[in-house]
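# Structural description and commentary
The primary structure of each chain is shown beneath.
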Amino acid sequence: MSGIQARLNAISAVINYKPSHAPLNFHDTKPTEIFGSNVFSEKVMKDRLPKAVYKSLKKTIDHGEKLDASIADVVANTMKDWAIEKGATHFTHVFFPLTGMTAEKHDAFLVPDGKGGALAEFSGKLLIQGEPDASSFPSGGLRSTFEARGYTAWDVTSPAYILENPNGTFLCIPTAFVSWSGEALDKKTPLLRSNQALSKQAKRVLDLFGVETKLPVVSYAGPEQEYFLIDRNFVFSRPDLLIAGRSLFGAKPPKGQEFEDQYFGVVPRRVLSFMMEVERELFKLGVPVKTRHNEVAPSQFEIAPIYEVGNLATDHNQMVMTTLRSVAKRYGMVCLLHEKPFAGINGSGKHLNYSVGNAELGSLFDPGDTPHDNAMFLVFCAAAIRGLHKYGAVLRATVATASNDHRLGANEAPPAIMSMYLGEQLADVFDQIKKGKLKNSKSKGVMSIGVDTLPPLPMDPGDRNRTSPFAFTGNRFEFRAVGSSQSIAGSQVAINAIMSESLDYIATELEKATKGDPKKLNAAVQTLLQKIIKEHDAIVFNGDGYSEAWHKEAAKRGLPNLKTTPEALPVLESKECIELFTKYGILTEAELKSRVEIYLEQYAKTLKTEANLVVRMATTIIFPAAMRYQSELASACANLKAIGHDYKMGTLEDVTAKLRGMQEAVAKLEKLMEHEAKDIHAEATHMCCKVLPAMGDVRTYADALEAIVADDLWALPSYQEMLFIR
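Nothing here was measured: the structure is a model prediction, and the numbers come from that model. (Residues numbered from 1 in each chain as written. Predicted model: local features only at pLDDT ≥ 70, side-chain atom pairs only at ≥ 80, totals over all residues. Heavy atoms only, no water.)

A few words on the overall build of the protein. Along the protein, the regular secondary structure elements total 23 helices and 20 strands. Taken over C-alpha atoms, the radius of gyration comes to 28 Å for the protein, in line with the 27 Å a tight globule of 726 residues would show. With respect to the three principal axes, the spread of C-alpha positions in the protein is 105 × 80 × 70 Å. Classification of the 726 residues of the protein by burial places 52% in the buried group. Contacts in the protein between residues at least 24 apart in sequence constitute 74% of all its contacts with a sequence separation of at least 6. (Helix = DSSP H or I, 4+ residues; strand = E, 2+ residues; numbered from the N terminus. Rg over C-alpha atoms; globule rule 2.2 N^0.38 Å. Buried < 20%, exposed > 50% of the residue type's maximum accessible area, 1.4 Å probe, protein only. Contact = heavy atoms within 4.5 Å.)

Printed below as a string of structure tokens:
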């Protein structure tokens, strides 16, 4: 192994790692006892609030009725008492600005009483509305820098909770975040607006089928979170991992993931301990995490929750990411949520399982055993088909970031082309609809394994397709293009908007066709479904989404292939997109354009940071190591020549050529970084088309040098060390 002391120290720290705290006691405190213990839940509210106040609040939470502000003082006082009993000294309004991070400002409950003492106070006014300084949060031109005022607004549909710290606890209140003039400066506000629009249009369709529900129709979500765990000693020796979250250099190790032996493999002991503590912390917060396992890439893992209401699932996923990062430190590791932290092996996504429905109806994407007879399901499924075909580029834009481009535009799950996988059963049903001869559905079978001691297994009517970005998976769709570090809010907003527009169209057409006569509904549905499938089945593809043949076929079908962020984000400024979001009150034209501005700026800043790191690491770490090796080789050649051997060493020539090539590539990169663009669109395009390839050129030489320079001179921890030493 390495002779560089820093690398040896890192390896030693990994090998000799011992937990810094005592093991958790899972025997005395069972998961069922701690689940939701730190949440101001419905049960807590029912037990503590006056009956009338609880009923009023419940109507707002369950039925979406307008919040009665007169109850705020009672709720606030009860919430304060509950939090203080749990050791809280401060409260914070938690919100999700367009930085993509979680934001919070802490205020103390204690207020001086004027007599040398203090009182604990928390009013309804403080609960409902906060006022953080919004000047440093991105607005994308919605306001000037000097216009600093912003408001947080209490989201009653997402419960308050207590976060624990070794030195105490504090109360967290989920909120929306808007500007002084009411524009959305966050991820939550558009999501709540989109759910309102979805409910309105879905209920129009349900009314036509004679289905009544007192509850709003909402989106459901279940994000499968992938991540990497790397020993923090390695990360501290890698400026690129520390600052950029991904390795900008690194030669391919002798073994990567080609054996696929990590997938579902035995979880390493330290990692399993980490997972158990993560789950315990999340259980306290009421996050219903259920699944944990090794992923395909070495040192890559996954945590997945049970399906829940989309707004709450979004907040919970932010808690998951925060908890993964914080708990990893306790176990001497760093959790990397970057979409592509290591070249040559799989990156990390966040599969967003999406459905529509409510507690009374269940999932409206549930086909039942005979989907050809389930007209209401077919209508909602057809709405998704039509919506994705019309607005696939909009959905693609919601997952456009510098880090996610490494997956979506690079033949890694899934492709940047938006398409839909329906499976054999549904594809056959919609094909029958297209031909006007709907008769039956392929039924589920029973699999006989051929071993008497094993039970027969029920078979699904179709296989799964892991290469599809939008795949039907039983009673929901799985959107597989969300990046591991991203909020799931943006994609949900887009899907909700798409569904709202399609359900609006369907309801309008059926209302015209039936004219209030329920007897005409069946024929009208069949006619409309046939029309939708004939016009929009180009989006349906059940084959291999990675194949070059599909890329050519998709182009023939007119499906956009937006491989990079600068190509994808401008879609949000298109006439069609603006009409979609403004029609349903989800985002204004100004709010949409601000997001394009913000996200392009984030893209350009990300690549600029990475480019600066490439130059610095190449100049101060890689070049000196290679020069020392070159000097050693030259000395060896000179010594041989001195004793009469006219020896030419090919390695010396190779190192010299690669050093020269890297120097030239660094100089070219530095020159490109001096470019001044006329606007943020041009700057993002320049960074994408010029700077990013130039960074790749520097890396090509550097990685080639890593493969030949003496290991005892190479300062950077290698891929094989970081990924395989745990």
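As a further point, take the packing of aromatic side chains. This model, assessed by the stated rule, comprises 18 aromatic pairs. Relative to Phe 477, the ring of Phe 365 has its centre 5.1 Å away and its plane inclined at 90 degrees; by these criteria the two rings are edge-to-face. Note that Phe 365 is positioned in the loop between strand S15 (362-363) and helix H12 (375-397) and Phe 477 in strand S20 (residues 477-479), a separation of 112 residues in sequence. According to the relative accessible area criterion, Phe 477 is buried, its value standing at 0%. Among the aromatic residues, those joined into a cluster by ring pairs are Phe 365, Phe 377, Phe 470, Phe 472, Phe 477 and Phe 479. The ring of Tyr 505 carries Arg 386 above its face, with NZ or CZ at 4.0 Å from the centroid. Here the basic side chain of Arg 476 rests over the ring of Tyr 307, its NZ or CZ set 5.5 Å away from the ring centre. (Phe/Tyr/Trp six-rings, centres within 6.5 Å; stacked < 30°, edge-to-face > 60°. Lys NZ or Arg CZ within 6 Å of the ring centre and 35° of its normal.)

Turning our attention to a positive patch on the surface. On the surface, a cluster of positive charge is contributed by Lys 46, Lys 51, Lys 55 and Lys 59. The element best represented in the positive patch is helix H4 (residues 51-63), accounting for three residues. Tracing the backbone through its elements, the reader meets Lys 46 in helix H3 (residues 42-48). (Patch = residues over 30% accessible without salt bridge, like charges linked within 9 Å, V, L, I, M, F, W, Y side chains within 5 Å. Areas by Shrake-Rupley, 256 points an atom, 1.4 Å probe, with all protein chains shown as cover. Salt bridge = Lys/Arg side-chain N within 4 Å of Asp/Glu carboxyl O. Lys, Arg positive; Asp, Glu negative; His and termini not counted. Charge placed at Lys NZ, Arg CZ, Asp CG, Glu CD.)

What follows deals with the pattern of salt bridges. The full count for this structure, using the stated rule, is 32 salt bridges. The network of salt bridges with common partners includes Arg 204, Asp 504, Glu 511 and Lys 583.

Quick look at the layout of surface pockets now. Considered as a void within the structure, the second largest pocket measures approximately 1,600 Å³ in volume. Thr 60, Ile 61, Val 156, Thr 157 and Ser 158 are, among the 49 residues lining the second largest pocket, the residues nearest its centre. It is helix H7 (residues 188-208) that provides the largest number of residues to the lining of the second largest pocket, a total of six residues. A breakdown of the residues in the lining of the second largest pocket according to their chemical character gives 26 nonpolar, 15 polar and eight charged. (1 Å grid on protein atoms, 1.4 Å probe; cavity = no way out; pocket = protein on both sides within 12 Å on 5 of 7 lines; lining within 4 Å. Points joined across faces, edges and corners; volume = space filled by probe spheres on them. Nonpolar A, V, L, I, M, F, W, Y, C, P; charged D, E, K, R; others polar.)

Remark: helix H20 (residues 589-642) packs on helix H21 (residues 650-672), axes separated minimally by 10 Å, with the N-to-C direction vectors making an angle of 160 degrees. Here H21 runs roughly antiparallel to H20, going by the angle between their axes. Considering how the two elements wind past one another, H20 and H21 form a crossing that is left-handed. A breakdown of the residues in the contact of H20 with H21 according to their chemical character gives 18 nonpolar, five polar and one charged. (Axes fitted to C-alpha atoms, helices over the stretch in contact; angles between N-to-C directions. Parallel < 35°, antiparallel > 145°, perpendicular 65-115°, else oblique. Left-handed = near helix turned anticlockwise from the far one by under 90°.)

Contact pair H20 / helix H22 (residues 680-706): the axes reach a minimum separation of 9 Å and the direction vectors enclose 25 degrees. In terms of orientation, H20 lies roughly parallel with respect to H22. Relative to H22, H20 is oriented so that their crossing is left-handed. Of the residues assigned to the contact of H20 with H22, the class counts are 20 nonpolar, one polar and five charged.

For H22, which comprises 27 residues, the first-to-last C-alpha distance of 36 Å matches the rise-based estimate of 39 Å (1.5 Å per residue) to within 8%. The largest bend along H22 measures about 35 degrees and falls at Met 687. N-capping of H22 is provided by Asp 679, with a side-chain oxygen placed 3.1 Å from the backbone N of His 681. (Expected span 1.5 Å × (residues − 1). Bend = angle between axes of the 7 residues up to and from the residue. Polar contact = N/O pair within 3.5 Å; in protein donor to acceptor, adjacent residues only side chain to side chain.)

This brings us to the nonpolar core. Core analysis: the largest hydrophobic core is formed by 136 residues, its most contacted members being Phe 380, Met 499 and Phe 581. For this core, the element with the highest residue contribution is H20, accounting for 21 residues. When near neighbours in sequence (up to four residues on either side) are disregarded, Phe 581 contacts Val 394, Val 493, Ala 494, Ala 497, Ile 586, Leu 587 and Leu 592. Listed in part, the 31 residues of the second largest apolar core include Val 39, Val 94, Val 278 and Ile 303. (Core = buried A, V, L, I, M, F, W, Y, C linked by side-chain atoms within 4.5 Å.)

This brings us to the side chain of Gln 201. With respect to the helices, strands and loops of the structure, Gln 201 is situated in helix H7. Apart from residues no more than four positions distant in its own chain, Gln 201 is found in contact with Ser 500, Leu 503, Asp 504 and Tyr 584.

In terms of burial, strand S11 (residues 300-305) is largely enclosed, as five of its six residues are buried. Sheet topology note: the strand S9 (residues 218-231)/S11 ladder contains four bridges and is antiparallel. Paired with Gln 225 across the strands is Ile 303, a residue of S11. Where strand S10 (residues 289-294) meets S11, five bridges bridge the pair, whose relative direction is antiparallel. Among the inter-strand pairings, Thr 291 is bridged to a residue of S11, identified as Ala 304. Adjacent in sequence and paired antiparallel, S10 and S11 are bridged by five residues, among which Ser 299 carries a positive phi angle near 65 degrees. (Pairing = 2+ DSSP bridges.)

Together, Phe 236, Leu 242 and Ile 243 make up a nonpolar patch on the protein surface, roughly 320 Å² of accessible area in all. If you trace the backbone, Ile 243 turns up in helix H9 (residues 239-244). Residue classification places Ile 243 among the exposed residues on the basis of a relative accessible area of 55%.

A word on helix H19 (residues 575-583). Of all the residues in H19, the buried ones are Cys 577, Ile 578, Leu 580 and Phe 581. Taken end-on, H19 shows its buried residues confined to a sector of 160 degrees, consistent with a single buried face. Among the exposed residues of H19, those oriented more than 90 degrees off its buried face are Lys 575 and Lys 583. Structurally, H19 contributes buried residues whose contacts are with H12, helix H15 (489-514) and H20. Of the residues trailing H19, Gly 585 is marked for its positive phi of about 65 degrees. (Arc of directions from axis to C-beta.)

Before going further, it helps to examine the environment of Arg 407. With respect to the helices and strands, the residue Arg 407 is situated in helix H13 (residues 405-408). Sequence spacing of Arg 407 and Ala 481 is 74 residues, and the spatial spacing of their C-alpha atoms is 8.5 Å. Here the side chain of Arg 407 touches Arg 480 through a polar contact of 3.4 Å, landing on its backbone oxygen.

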